[in-house]
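Close look at the chain arrangement
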Amino acid sequence: MKVSEPMDTCKAEGANAVYEIVVFGAPMGKERPRATSFGGHARIYTPKKTQSYEARFSSEWNTKYPSQEPLTEALIVDIWCYFPLLKSDYKKDGSFTKSGTRKLDGVEKPTKKPDADNIAKAVLDGLNGIAFVDDSQVTSLSVHKRYSYKPRVKVTISSDK
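Residues numbered from 1 in each chain as written. Predicted model: local features only at pLDDT ≥ 70, side-chain atom pairs only at ≥ 80, totals over all residues. Heavy atoms only, no water.

1. A short note on the confidence of the model for the chain
- Looking at the chain as a whole, its pLDDT mean stands at 88, while 90% of the residues score no less than 70.
- Within the model, pLDDT remains below 50 along residues 1-12, and this stretch shows 30 contacts once partners closer than five positions in the same chain are excluded. (pLDDT = per-residue confidence, 0-100. Contact = heavy atoms within 4.5 Å.)

Set out below in structure tokens:
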């Protein structure tokens, strides 16, 4: 069975460094901001679920690259989102159904929510000020959605020089 996932690599630090983090769990998109009224004044806030999800990316970055200063140059960001298979993609014996195999082989791709752009917003906001000074430095961005029996989000950041 072909696996449609890039290899996990970590290249040398420095001018041509490639930084990579993996956050395990099903991919999530950035939720819309919420508004509330308190004392006659409107207050806009980010939902707790989104704040928590974004914090997982900054935490993983700080764990893997504890002494790394935020990057300052133009950046290329690749985001690989691996969605969980459904229960119906497994047979009773634990093997994969035809549908499950097609998903793992990349023949069937997740065309469901969350949208790729909302996933990217959550990831970039979580790394903003931590991995890079500001997400405006991202000059090339790609988001790939696939299925896997190990749901996760893999983020690769490299210089766009």
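2. Considering the layout of surface pockets
- Space inside the largest pocket adds up to approximately 240 Å³.
- Taken together, P27, M28, G29, K30, E31, R32, K113, P114, D115, N118 and K121 make up the lining of the largest pocket.
- Here the lining of the largest pocket is built from residues that sort into 3 nonpolar, 2 polar and 6 charged. (1 Å grid on protein atoms, 1.4 Å probe; cavity = no way out; pocket = protein on both sides within 12 Å on 5 of 7 lines; lining within 4 Å. Points joined across faces, edges and corners; volume = space filled by probe spheres on them. Nonpolar A, V, L, I, M, F, W, Y, C, P; charged D, E, K, R; others polar.)

3. Remarks on the side chain of E54
- Relative to the helices and strands, E54 is located in helix α1 (residues 48-64).
- According to the relative accessible area criterion, E54 is buried, its value standing at 12%.
- In this view, E54 contacts K30, A122, D125 and G126; residues no more than four positions away in its chain are not counted. (Helix = DSSP H or I, 4+ residues; strand = E, 2+ residues; numbered from the N terminus. Buried < 20%, exposed > 50% of the residue type's maximum accessible area, 1.4 Å probe, protein only.)

4. Here we look at the pattern of salt bridges
- Under the criterion given, the structure shown has 6 salt bridges.
- Between E20 and K154 there is a salt bridge, with the nearest N and O atoms lying 3.8 Å from each other. Taken together, the residues E20 in strand β1 (residues 18-24) and K154 in strand β6 (residues 152-159) connect sequence positions 134 residues apart.
- Note that D115 and K113 form a salt bridge whose closest N and O atoms lie 3.8 Å from each other.
- When salt bridges that share partners are traced, they join K30, E54 and D125 into one network. (Salt bridge = Lys/Arg side-chain N within 4 Å of Asp/Glu carboxyl O.)

5. Structural notes on the packing of α1 against helix α3 (residues 116-127)
- Here α1 crosses α3 at 50°, and the two axes come no closer than 7 Å. For the element pair α1 / α3, the angle class is oblique. Taken as a pair, α1 and α3 cross one another with a handedness that is right-handed. Along the contact surface, α1 presents Y53, E54, F57, S58 and W61, while α3 presents A122, V123, D125, G126 and L127. (Axes fitted to C-alpha atoms, helices over the stretch in contact; angles between N-to-C directions. Parallel < 35°, antiparallel > 145°, perpendicular 65-115°, else oblique. Left-handed = near helix turned anticlockwise from the far one by under 90°.)

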